[in-house]
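An overview of the molecular structure
Read off the chains here:
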Amino acid sequence: MKTVKIQKLTRENFHKYGTYAALIDPMDQEATGPKDAPLAFFRDMLQEDFGGAVPSFSTCRIQPRPLIVTDAEFHNFTGEVAMPLDQDAIVWLAPATASDEFPADTVEAFLVPKGTMIAIRPGVWHHGAYATENKPLNVMIVLPERAYLNDNCCMTLPADKQVALEF
């Protein structure tokens, strides 16, 4: 089984998969006025193209589990947005491919601080996040309405394609 080191999230190492914004601590973002004002508005921090579809906000509740990639998915026509709500999360991603053959050798893993929203490009391989604490993790997911039914290629990986994640 291949092992992948979990990386700190940076713009440089995440850009090939999408973008992100720290919504709870946005001080590195542009504001409409002084950042220390009684009311500071940090605008347009993150965008995702849903192809004109209506975005649907969902919660994915994830129980603590081993850091092993056993399932994978991608969406052909839409990106996906995710934000860990109550603890840091570990996400793994692999670049989009021309086929539905899982690219285990290209998997990368990232530590996403709670309150940081990531926008994953269409075609990028991913699946549910992993909790960093020994309690359930709640992740907000934004997808076009019903994308999980009409634009989702999801699979359970055979043992030789599974990937271990480690700090």
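So, a few notes on the structure that sits alongside this text.

Criteria and thresholds
- Residues numbered from 1 in each chain as written.
- Predicted model: local features only at pLDDT ≥ 70, side-chain atom pairs only at ≥ 80, totals over all residues.
- Heavy atoms only, no water.
- Core = buried A, V, L, I, M, F, W, Y, C linked by side-chain atoms within 4.5 Å.
- Buried < 20%, exposed > 50% of the residue type's maximum accessible area, 1.4 Å probe, protein only.
- Helix = DSSP H or I, 4+ residues; strand = E, 2+ residues; numbered from the N terminus.
- Contact = heavy atoms within 4.5 Å.
- Pairing = 2+ DSSP bridges.
- Axes fitted to C-alpha atoms, helices over the stretch in contact; angles between N-to-C directions.
- Salt bridge = Lys/Arg side-chain N within 4 Å of Asp/Glu carboxyl O.
- Phe/Tyr/Trp six-rings, centres within 6.5 Å; stacked < 30°, edge-to-face > 60°.
- Lys NZ or Arg CZ within 6 Å of the ring centre and 35° of its normal.

All right, on to the nonpolar core then. Core analysis: the largest hydrophobic core is formed by 21 residues, its most contacted members being F14 and I118. Elements that contribute at least two residues to this core include exactly β7 (89–93), β8 (108–112), β9 (116–120) and β11 (137–144). In terms of residue count, the dominant contributor to this core is β11 (four residues). When sequence neighbours within four positions are dropped, the list of residues in contact with F14 reads L9, T19, Y20, L93, F110, I118 and A119.

Strand order across the open sheet formed by five strands is β2-β9-β6-β11-β3, with antiparallel pairing between neighbours. The open sheet terminates on both sides in strands that have one partner only, identified here as β2 (18–22) and β3 (55–62). Going across the sheet, the axis of each strand differs from the next one's by a mean of 20 degrees, ignoring polarity. With five bridges joining them, β2 and β9 adopt antiparallel strand pairing. Residue Y20 lies in a different strand from β9, and its bridge partner there is I118.

Turning to the pattern of salt bridges, a few remarks are in order. On inspection of all chains with the given rule, the structure shows four salt bridges. For K161, the salt bridge is made with E101, and the minimal N-O distance between the two is 3.4 Å. Here E101 lies in the loop between β7 and β8 and K161 lies in the loop between β12 (153–156) and β13 (163–166), a separation of 60 residues in the sequence.

For the coordinates displayed, the defined rule picks out seven aromatic pairs. Both rings, one in F102 and one in W125, keep their centres 5.4 Å apart while their planes meet at 75 degrees; by these two values the pair is edge-to-face. One end of the pair, F102, is in the loop between β7 and β8; the other, W125, is in the loop between β9 and β10 (130–131), and 23 residues separate them in sequence. Given the relative accessible area of 3%, F102 is considered buried. Each residue in the set F14, Y17, Y20 and F110 is aromatic and connected to the rest through ring pairs, giving one cluster. One cation-aromatic arrangement involves R11 over Y20; the distance from NZ or CZ to the ring centre is 4.5 Å. Here R65 stacks its cationic end above the ring of Y130, 3.8 Å away from the centre of that ring.

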